[in-house]
Amino acid sequence: MKLTERRVLAKVPASTANLGPGFDTLGMALSLYAWIEMGVSETGTAIELHGRNLRGLPTDKNNLIYKVAQLVFNEAEVDIPELHIAMYSDIPLTRGLGSSASAIVCALAAANALIGSPLDDDRLFQIATRLEGHPDNVGASVFGGIVVASWDGNRASHIRLEPSPDLDVLVAIPDFQLSTEKARHALPDRFPMADVVFNVSRSSLLVAALATGNHGMIRTAMQDRMHQPYRAALIPGMAGILDGAAERGALGAALSGAGPTLLALIESGSPRKQELERFLLQTLAAEGITAEALWLKPAAAGPELTVTDGGAAAELAPLMERIKGEVRV
Ligand code: HSE
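Residues numbered from 1 in each chain as written. Predicted model: local features only at pLDDT ≥ 70, side-chain atom pairs only at ≥ 80, totals over all residues. Heavy atoms only, no water.

The pairing of strands in a sheet happens through backbone hydrogen bonds and is either parallel or antiparallel. Spatially, four strands are ordered β8-β9-β7-β10 in an open sheet, and the strand pairing comes out antiparallel. On the outer flanks of this sheet lie β8 (252-255) and β10 (291-296), each paired with one strand and no other. Within this sheet the neighbouring strands show an average axis-to-axis angle of 20°, counted without direction. The pairing of β8 with strand β9 (residues 262-267) spans four bridges and is antiparallel. What sits directly across from Gly 252, in β9, is Leu 265. (Pairing = 2+ DSSP bridges. Helix = DSSP H or I, 4+ residues; strand = E, 2+ residues; numbered from the N terminus. Axes fitted to C-alpha atoms, helices over the stretch in contact; angles between N-to-C directions.)

Below is the structure:
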């Protein structure tokens, strides 16, 4: 089989990080996706980006996907300078849904599959964490489900939990962007001991609640004193939503990652979903913020890969036709 006759399609979930108290530690994959198709090019690198979420990003070798693919090839000691890449993403940029983590993981998974998967998932997780600087979003995109992770600046460790099928996730995505860098700058670099104890206890409770299916504990366990209070000024309406969501049927609510998206967990069978959605959107609207509500599920799987070889690869339809039934628009 010639490598030039292989095409890989990778589909990777978005993610939410922190889940309230688990700052830079907890992540959950979500049923919102990015897709990358990758192949070796014999005629120079060509990068096609589809959809409004990728508008304005580079389409030359400065493209993140191209650069991440080259990291995989370097690690595996293969030389593939020219690629054909097509990408589409349903994950809005810079909103706290792990769009960059998903793009990195999607590029790693596609490039690795292209060369016969010499790197295991843990290797991909290590590279992705190094690139992102924290393991929470990338861990969820690599392993799917709920990921509890640590990072010592050199090595990332993780344990994956199976998400409950009984959880639904409501996200309210404000129509403004907030860079992770700006949202991290809002945080102090020292915390009172009482707040540290507060967060360690809540984060530990949350992991135990999610691991055992004790959903009644989520409300207490999702409280946070480490990042949300400091970021509240950047997201008008956030404090009201975090205070009031449980009174409208939510099991718990949090800022999604560094924001500005807000997230609420609710039992799938709850009759109060419309009420909760209205509450989130109206609370943001009262602050003059338009937001889009999406109902998602925790995504149990990490990257899904389709590898096509030989003559069949030449017959493949373009990316947007191949994923037509799966994308949101
Ligand atoms: N844990 C990170 C933060 C997630 O809250 O800053 C950002 O992607």
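Further remarks concern the layout of surface pockets. Of the volumes computed, that of the largest pocket is approximately 640 Å³. Forming the boundary of the largest pocket are 38 residues, of which Thr 94, Ser 99, Ser 100, Ala 101 and Glu 132 lie nearest the centre. At four residues, helix α2 (residues 99-114) tops the list of elements feeding residues into the lining of the largest pocket. The residue makeup of the lining of the largest pocket, split by class, is 17 nonpolar, 14 polar and seven charged. Looking at the lining of the largest pocket, you find at least three residues from each of domain 1 (3-162 + 299-323) and domain 2 (167-296). (1 Å grid on protein atoms, 1.4 Å probe; cavity = no way out; pocket = protein on both sides within 12 Å on 5 of 7 lines; lining within 4 Å. Points joined across faces, edges and corners; volume = space filled by probe spheres on them. Nonpolar A, V, L, I, M, F, W, Y, C, P; charged D, E, K, R; others polar. Domains from an automatic or database assignment.)

Contacts to the ligand come from Ala 17, Asn 18, Phe 23, Asp 24, His 134, Asp 136, Asn 137, Thr 180, Arg 184, Arg 231, Gly 257 and Ala 258. In this structure, Asp 24 approaches the ligand through a side-chain N or O atom, which is 2.5 Å from a nitrogen atom. One of the side-chain nitrogen or oxygen atoms of Asn 137 is found 2.9 Å away from an oxygen atom of the ligand. Considering the ligand on its own, with 260 Å² of exposed area, one finds that the protein chains cover 95% of that surface. Of all the cavities here, the one that holds the ligand is the largest pocket. Class assignment for the residues of the shell around the ligand results in three nonpolar, five polar and four charged. Built from parts of two domains, the shell around the ligand gets at least three residues from each of domain 1 (3-162 + 299-323) and domain 2 (167-296). (Near = heavy atom within 4 Å. Polar contact = N/O pair within 3.5 Å; in protein donor to acceptor, adjacent residues only side chain to side chain. Areas by Shrake-Rupley, 256 points an atom, 1.4 Å probe, with all protein chains shown as cover. Sits in = over half its atoms within 2 Å of the grid points.)

Function cannot be inferred from these measures alone, as they are strictly geometric.
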